[in-house]
Amino acid sequence: MPDKKRIAIVGAGPGGLTSAMLLAARGFDVTVFEQKDRVGGRNSSIRLGQFIFDVGPTFLMLKQILDEVFEEANRKSFDYLEFKQLEPMYRLQYPDFVIEPTTDRQKMREQLEGAFPGIQANAGLDRYYRVEKRRFDLMYPCLQKDYASLGTMFHRDLRRALPHLSLGRSLMGVLGDYFKPELARLAFTFQAKYLGMSPWDCPGLFGLLSYIEHAFGIFHVTGGLSEISLAMAKVVQEHGGVIRLNTPVKQLLLDGRTVRGVELVSGEKVPADDVIINADFAHAMTHLVPAGALRKWTPSAVQRKRFSCSTFMLYLGVDKIYDLPHHTIVFAKSYRQNVEDIFKNKRLSRDVSIYIRNACVNDPKIAPKGKSAVYILVPVANQTSGIDWAQEKTAFRKLVLDTIQSKTIMNDLEKHIEVEKMITPVDWVSEYSVYNGATFNLGHNLTQMLYLRPRNRFEEFKHCYLVGGGTHPGSGLPTIYESGRISANLISKYYGVPFSSKNLHV
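Keep in mind that this is a model prediction, so the values were computed, not measured. (Residues numbered from 1 in each chain as written. Predicted model: local features only at pLDDT ≥ 70, side-chain atom pairs only at ≥ 80, totals over all residues. Heavy atoms only, no water.)

### A short note on the overall build of the protein chain
No. 1: Helix and strand counts for the protein chain stand at 15 helices and 19 strands.
No. 2: Principal-axis analysis of the C-alpha atoms gives the protein chain an extent of 65 × 50 × 45 Å.
No. 3: Taken across its 506 residues, the protein chain has 61% of its residues classed as buried.
No. 4: In the protein chain, 71% of the contacts between residues at least 6 apart in sequence involve partners at least 24 apart.
No. 5: Carbon and sulfur atoms make up 49% of the accessible area of the protein chain, which amounts to about 19,400 Å² in all. (Helix = DSSP H or I, 4+ residues; strand = E, 2+ residues; numbered from the N terminus. Buried < 20%, exposed > 50% of the residue type's maximum accessible area, 1.4 Å probe, protein only. Contact = heavy atoms within 4.5 Å. Areas by Shrake-Rupley, 256 points an atom, 1.4 Å probe, with all protein chains shown as cover.)

Rendered as structure tokens:
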């Protein structure tokens, strides 16, 4: 590219790395600034001796988006990563029975009918697949738009989707159209908690989340999903991009309402034609923008927004292998009370739901032979709760381990732990710069989506773009990759740089 345009990217998370790959491949001069000693952000790894853990995401859904962004960077994802589709996808451990959701529709029907006699699973599942496929087909183009202007909200695609969004209905209510027993609906609604929302409050349109799993499957990457970040970083560097680790950014450099680069904590000032912010959105607004510069997304305005829940994490290096599926979700006995404690009461439940990843049953690379890297996630209230984690964490850890040992075959887990790391909501703030410890970013209520969510072309400043879970389209790896692609395409289009993209809405 004649007169290469300089792009500074704040943060080497999956959104920033996606933009970096695409822009570097298109001839831009790309530099990524990452405060930690490794790429990936919440999609990086934790290493405890010979045990390797993903920090955050462990489900790879809508793999085709990942494949597409690699292809648009002139690479093939399978040349860098080894994928394994999981079948069944995961185990749902109810108090009295187990369901293992699968993409095999007949097996799914049989499981539902076995667990819930008289459920009429055949008719319910058929309607679920039909209605949610239609919803997904209509919503997917809407999620690929940039919403830089209010006019996008009146686009034909969104108008066509509008009657299918179940406005005014909750996810639990929508699933009731297909399955009457509430426990049956949980098999298709628990994903809402990982958007940071209660399924009783989550917008009904998110019925498409479980459909995505059932229609396209769930994948694991050998070595962990953090390998995706390493592969992306390699592609960036192959195209001449630079990634500067251990290089925290202090603030944006502003010239009026135009971003001109970044100032590093070291004092170095780095000029740039455009800046992409991949830091946690709320953290960036409260820490990386010079005081008084914001008009809409001021610190006080950010504070008033709705944020997701947080998570309590245990990363355990264990000296044995358990015959437990790759993914297991253990439901609280009173799931609704557990959800209300997280989102409404903002207190610690004594009856918790727990996600366990036991990836060693499929992946020999993340632990020594005969041992396991066990990942445990417990949704909890974010830091607005006022919970004193210094006081509570030891007892809560015991509650979590006791629950696992009483409800799963990991009945001797604690005595086999060799190494361990714990992350509480306080640690998400201090170690990963996550605002309020809200690990899934801004909530996904209707007043914080599409045009009403922070936009990829940031409305506050010229030559400033946003990527990551706190901007459009939202949290979760596929949508974060899409945010990176949208911003890269917007920049390319602005400078008249030709590109080919499966996202055709820019």
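### Digging into the sheet that holds strand S9 (residues 242-244)
In any sheet, the strands associate via hydrogen bonds between backbone groups, in a parallel or an antiparallel arrangement.
No. 1: Read across the open sheet, the five strands follow the order S9-S2-S1-S13-S19; overall the sheet is parallel. In this open sheet, the two edge strands, each paired with only one partner strand, are S9 and strand S19 (464-466). Between one strand and the next, the sheet's axes are offset by a mean angle of 20°, whatever the strand orientation.
No. 2: For strand S1 (residues 6-10) and strand S2 (residues 29-33), the ladder comprises five bridges, and the chain directions are parallel. Paired with Ile7 across the bridge in S2 is Val30. (Pairing = 2+ DSSP bridges. Axes fitted to C-alpha atoms, helices over the stretch in contact; angles between N-to-C directions.)

### Quick word on the sheet that holds strand S10 (residues 249-255)
No. 1: Taking strand neighbours across the sheet as the criterion, the three strands line up as S10-S11-S12 in an open arrangement whose pairing is antiparallel. The outermost strands of the open sheet, each flanked by one partner alone, are S10 and strand S12 (269-271). Going from strand to strand, the sheet's axes swing by 30° on average, the running direction of each strand aside.
No. 2: For S10 and strand S11 (residues 258-264), the ladder comprises six bridges, and the chain directions are antiparallel. Counterpart to Leu254 in the pairing with S11 is Val259.

### Focus: the pattern of salt bridges
No. 1: As enumerated under the stated definition, the model contains 29 salt bridges in all.
No. 2: Two residues, Arg109 and Asp126, come together in a salt bridge whose shortest N-O distance is 2.5 Å. Here the residue Arg109 occupies a position in helix H3 (residues 105-115), and Asp126 occupies one in helix H4 (residues 121-143), the gap between them amounting to 17 residues.
No. 3: We classify Arg109 as buried; its relative accessible area is 13%.
No. 4: As a salt-bridge pair, Asp402 and Lys398 come within 2.7 Å of each other at their nearest N and O atoms. (Salt bridge = Lys/Arg side-chain N within 4 Å of Asp/Glu carboxyl O.)

### Quick look at unusual backbone geometry
No. 1: At the junction of Glu87 and Pro88, the peptide bond is cis and its omega measures out at -5° in the coordinates.
No. 2: Tracing the backbone shows Pro88 in the loop between strand S5 (83-86) and strand S6 (91-93).
No. 3: Phi is positive for Leu62, which is not a glycine, with a value near 45°.
No. 4: When you line up the elements, Leu62 lands in the loop between strand S4 (51-54) and helix H2 (63-72).
No. 5: Although it is not a glycine, Tyr147 adopts a positive phi angle of roughly 55°.
No. 6: Its location among the elements puts Tyr147 in the loop between H4 and helix H5 (156-161).

### A short note on the packing of helix H1 (residues 14-25) against helix H9 (residues 226-238)
No. 1: Direction vectors running N to C along H1 and H9 enclose 25°, while the axes themselves pass 8 Å from each other. Here H1 is positioned roughly parallel relative to H9, judged by the angle of their axes. In terms of crossing hand, the pair formed by H1 and H9 is left-handed. Contact residues: H1 offers Pro14, Leu17, Thr18, Ala20, Met21 and Ala24, while H9 offers Ser229, Met232, Ala233, Val235 and Val236.
No. 2: A per-class count over the contact of H1 with H9 returns nine nonpolar, two polar and no charged. (Parallel < 35°, antiparallel > 145°, perpendicular 65-115°, else oblique. Left-handed = near helix turned anticlockwise from the far one by under 90°. Nonpolar A, V, L, I, M, F, W, Y, C, P; charged D, E, K, R; others polar.)

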